2 protein chains.
Amino acid sequence: MKIILDAMGGDNAPLAVLQGAAAAVKEYGVDLILTGQEKVIRECAEKNGVSLQGMEIVDCPEVIEMCDEPAMSIRRKKNSSLVVGLRMLKEGAGDAFVSAGSTGALHVGASLLVRTIKGVKRPALATCVPTAGKPYLLLDCGANVECRAPMLEAFGVMGSVYMNKVMGVESPAVALVNNGAEESKGTPMYQEAHQLLKTNPNIRFVGNIEPRDVPGGKVDVVVCDGFTGNVILKLSEGMAKSLLGMVKQVLYSSLKCKIGALLIKDGLYSLKDTMNSEKIGGAPFLGAAKPVIKAHGSSKAMGIQNAIRQAKTCVENDLCGTMERALEQITAESETEAE
Amino acid sequence: MKIILDAMGGDNAPLAVLQGAAAAVKEYGVDLILTGQEKVIRECAEKNGVSLQGMEIVDCPEVIEMCDEPAMSIRRKKNSSLVVGLRMLKEGAGDAFVSAGSTGALHVGASLLVRTIKGVKRPALATCVPTAGKPYLLLDCGANVECRAPMLEAFGVMGSVYMNKVMGVESPAVALVNNGAEESKGTPMYQEAHQLLKTNPNIRFVGNIEPRDVPGGKVDVVVCDGFTGNVILKLSEGMAKSLLGMVKQVLYSSLKCKIGALLIKDGLYSLKDTMNSEKIGGAPFLGAAKPVIKAHGSSKAMGIQNAIRQAKTCVENDLCGTMERALEQITAESETEAE
């Protein structure tokens, strides 16, 4: 298996990307193709003692910056690490593409260069978010900041297929984020999306979910527009970090607490570990014709390594083929019912 | 001081409302006017041994339900606890109105019956949210689910005035929620709001804030549309509850942890206390001509009690007069500058 990796993407590139790549080669035995400025990559690797074994480098002079307008940068920066990587994926030079670069550029690039599977207009960025109970799949997480109601319906269907076929959840519960349980809640777009999801025969829609209940882990798929999803994803991270920081402060606040801290520290470490977004590593673009994985922009080495692991899992489980077949089957069933 | 209280509003009405009211009368020495179904109120108080001392009851046969369409219910249910209470506030029978009922109906009612102060089109629901550092004012929290950019600009100004004049914060830092730090991020509405806030000379706008950084307590005012604000408010609560629950689970997971738990429990209690939304109690509608306080729909007695305390503070600090004068001053300064 060959995974293409954007060596220039993310806040900590290229060093964190190279460290994550080296760890992934060692741990998972994958072959990597790095796209990026070869000179910069080689110098960074040498300076920091990172091995480039198992990695091929494809020199790309250009870099898409976070502030670049997504559609424009995909059209103009044809020799960027992101565009070259996506083109190589399309042409079959690798099996999946991983990048911690601009979500917007990756989204536009996945749509335009890699294309979408039949029946999907816009890929959705989907992340498994950890909770005290089972993790839930959140989509869209930030690729489509403006959505129409039928897009939210499609997110519900794709999320349901992903949780069922890839994560093995029987009859996933799909919920719509909203500012109240009643059908009449939310913007007109959310009200319309509620009706579309409710009447879609191919998913088990359980109604609106209030943001308060999202971390409870009671549902399998949480559907919303990309702006809201981005808020949910990032605020969950921020709250986890902030609250665990406050707990830590309590533990250091007195001698008595410090002794108590020694006794519970193993348990707290495992809790911190559960909530660590770096361990999840990346989010697949559901609906893209081939696996495109977005690693967190602030990924450190572990985040990159886990995004590569996730890309490998997507390839092994034939995520895109499975999604396409499941959507075809749904369409066929609807047509049969309609006859 | 007389505070009007909607006895029928909220998930736990009327019992929790009456318990909170009784505690507020005892603690803060306020006089209360309860609006609601007198027979139900008296029976509930008697059955549960809640004293109605210091409270006058105004019998209102109708109740606005959570599922009622807001504008319609304000027009049609003229004898509801919410409409009667707001009308009494307008007419000067009381100094402030507190309700845990429908946010939508309260918002429409505040706009139509109590009216707004000069220069404000739509009141915004503003909540002080606790963090590890200083609390921040979040607005809008759910009253205006659909916003145009100038509304977000007005939220920034009103929030800044509130934090300065009522909370005593010198030159409050105002930030706009967005899915990235760059000006180009977000929906077109958010992009426009960014420019309006940035060029408004009367606030100290510090740019976009990513949801990850919101709980850090680095800014004083966090501006967003009501749908997003509702997500931030409720998800923050949900995450706090969920994470503290996970910490508790760790503390009971082994004998060693149980001993550790005994040593740190006081510290953890005070942390839980800091994050308890019931302690904040309620959210003022900024821009309304008189103090209208929304208590959380799920308020228990403590939530109601604290919302009444907050109403008292708003009256004592002349929130509405202060807001009006500050906005007038801003307008006057802009006109002088323009000359």
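Refer to the structure printed above.
Since the structure is predicted, the reported quantities are computational estimates derived from the model, not experimental observations.

A. Molecular detail of helix α2 (residues 38-47) of chain A. All names here are of chain A. Residues Ile 41, Cys 44 and Ala 45 constitute the buried set of α2. Looking straight down α2, one finds its buried side chains confined to an arc of 100°; they lie on one side. Turned more than 90 degrees away from the buried face of α2, the exposed residues are Lys 39, Glu 46 and Lys 47. Looking at the residues trailing α2, positive phi occurs at Gly 49, about 60°.

B. Quick look at the packing of helix α9 (residues 255-274) of chain A against helix α9 (residues 255-274) of chain B. One can describe the packing of α9 of chain A onto α9 of chain B by two numbers: an axis separation of 8 Å at closest approach and a directional angle of 145°. Here α9 of chain A and α9 of chain B pass one another in a crossing that is left-handed. Where α9 of chain A abuts α9 of chain B, its residues Lys 256, Cys 257, Ile 259, Gly 260, Ala 261, Leu 263, Ile 264 and Asp 266 of chain A lie against Lys 256, Cys 257, Ile 259, Gly 260, Ala 261, Leu 263, Ile 264 and Asp 266 of chain B. Grouping the amino acids of the contact of α9 of chain A with α9 of chain B by side-chain chemistry returns 10 nonpolar, two polar and four charged.

C. Structural view of the environment of Gly 29 of chain B. Following the sequence through the fold, Gly 29 of chain B ends up in the loop between α1 (15-28) and β2 (31-36). By relative accessible area, Gly 29 of chain B is classed as exposed at 62%.

D. Examining unusual backbone geometry more closely. Across the junction of Ala 13 of chain A and Pro 14 of chain A, the peptide omega takes the value 0°, indicating a cis bond. Looking at where Pro 14 of chain A falls in the secondary structure, it is placed in the loop between β1 (2-6) and α1 (15-28). Positive phi values are uncommon outside glycine, yet Arg 115 of chain B reaches one of about 70°. The partly exposed category is assigned to Arg 115 of chain B, whose relative accessible area is 49%. With a phi close to 45°, Ser 171 of chain B is a non-glycine residue in the positive phi region.

E. Just the environment of Gly 85 of chain A, in detail. Residue and element names in this part refer to chain A. Locating Gly 85 in the fold gives a position in helix α4 (residues 81-91). Once the C-alpha coordinates of Gly 85 and Gly 54 are considered, the two residues, 31 residues apart in sequence, prove to be 17 Å apart. Setting aside chain neighbours within four positions, we find Gly 85 in contact with Ile 4, Thr 35 and Phe 97.

F. Here's a closer look at the pattern of salt bridges. Applying the stated rule across the entire model yields 23 salt bridges over all chains. Linking Lys 39 of chain A and Glu 43 of chain A is a salt bridge whose minimum nitrogen-to-oxygen distance equals 3.4 Å. Linking Lys 39 of chain A with Glu 43 of chain A, this pair stays in helix α2, spanning four residues, or about one helical turn. Here Lys 39 of chain A falls in the exposed class, since its relative accessible area comes to 63%. Glu 43 of chain A gets classed as partly exposed once you look at its relative accessible area, which sits at 45%. Between Lys 2 of chain B and Glu 56 of chain B there is a salt bridge, with the nearest N and O atoms lying 3.8 Å from each other. Note that Lys 2 of chain B is positioned in strand β1 (residues 2-6) and Glu 56 of chain B in strand β3 (residues 55-59), a separation of 54 residues in sequence. The class for Lys 2 of chain B is partly exposed, based on a relative accessible area of 33%. One connected set of salt bridges, linked through shared partners, spans Glu 210 and Arg 212 of chain A together with Lys 234 and Glu 237 of chain B.

G. Here's a closer look at the packing of aromatic side chains. If you walk through the whole model with that rule in mind, you get two aromatic pairs over all chains. Between the aromatic rings of Tyr 190 of chain A and Phe 227 of chain B, the centroid separation amounts to 4.5 Å while the plane-to-plane angle is 35°, which identifies the pairing as tilted. Of this pair, Tyr 190 of chain A sits in helix α7 (residues 188-199) while Phe 227 of chain B sits in helix α8 (residues 226-251), placing the two residues on different chains. Side by side, Tyr 190 of chain A and Phe 227 of chain B carry an identical accessibility label, which is buried.

H. Geometry of the interface of chain A and chain B. With 54 residues of chain A at the interface, the matching set in chain B holds 54 residues. Both faces considered, chain A and chain B share a buried interface measuring about 4800 Å² in area, 76% of it formed by carbon and sulfur atoms. Counting every contact that joins chain A to chain B gives five salt bridges. The partner of Glu 210 of chain B in a salt bridge is Lys 234 of chain A, with the nearest N and O atoms 2.4 Å apart. Mapped by element, the contributors of at least two residues to the side of chain A that touches chain B are α7, α8 (226-251) and α9 of chain A. Here the side of chain A that touches chain B is composed, by residue class, of 29 nonpolar, 17 polar and eight charged.

The rules behind each value
- Residues numbered from 1 in each chain as written.
- Chains lettered and ligands numbered in written order.
- Predicted model: local features only at pLDDT ≥ 70, side-chain atom pairs only at ≥ 80, totals over all residues.
- Heavy atoms only, no water.
- Buried < 20%, exposed > 50% of the residue type's maximum accessible area, 1.4 Å probe, protein only.
- Helix = DSSP H or I, 4+ residues; strand = E, 2+ residues; numbered from the N terminus.
- Arc of directions from axis to C-beta.
- Axes fitted to C-alpha atoms, helices over the stretch in contact; angles between N-to-C directions.
- Left-handed = near helix turned anticlockwise from the far one by under 90°.
- Contact = heavy atoms within 4.5 Å.
- Nonpolar A, V, L, I, M, F, W, Y, C, P; charged D, E, K, R; others polar.
- Salt bridge = Lys/Arg side-chain N within 4 Å of Asp/Glu carboxyl O.
- Phe/Tyr/Trp six-rings, centres within 6.5 Å; stacked < 30°, edge-to-face > 60°.
- Buried area = accessible area lost by both parts, 1.4 Å probe.

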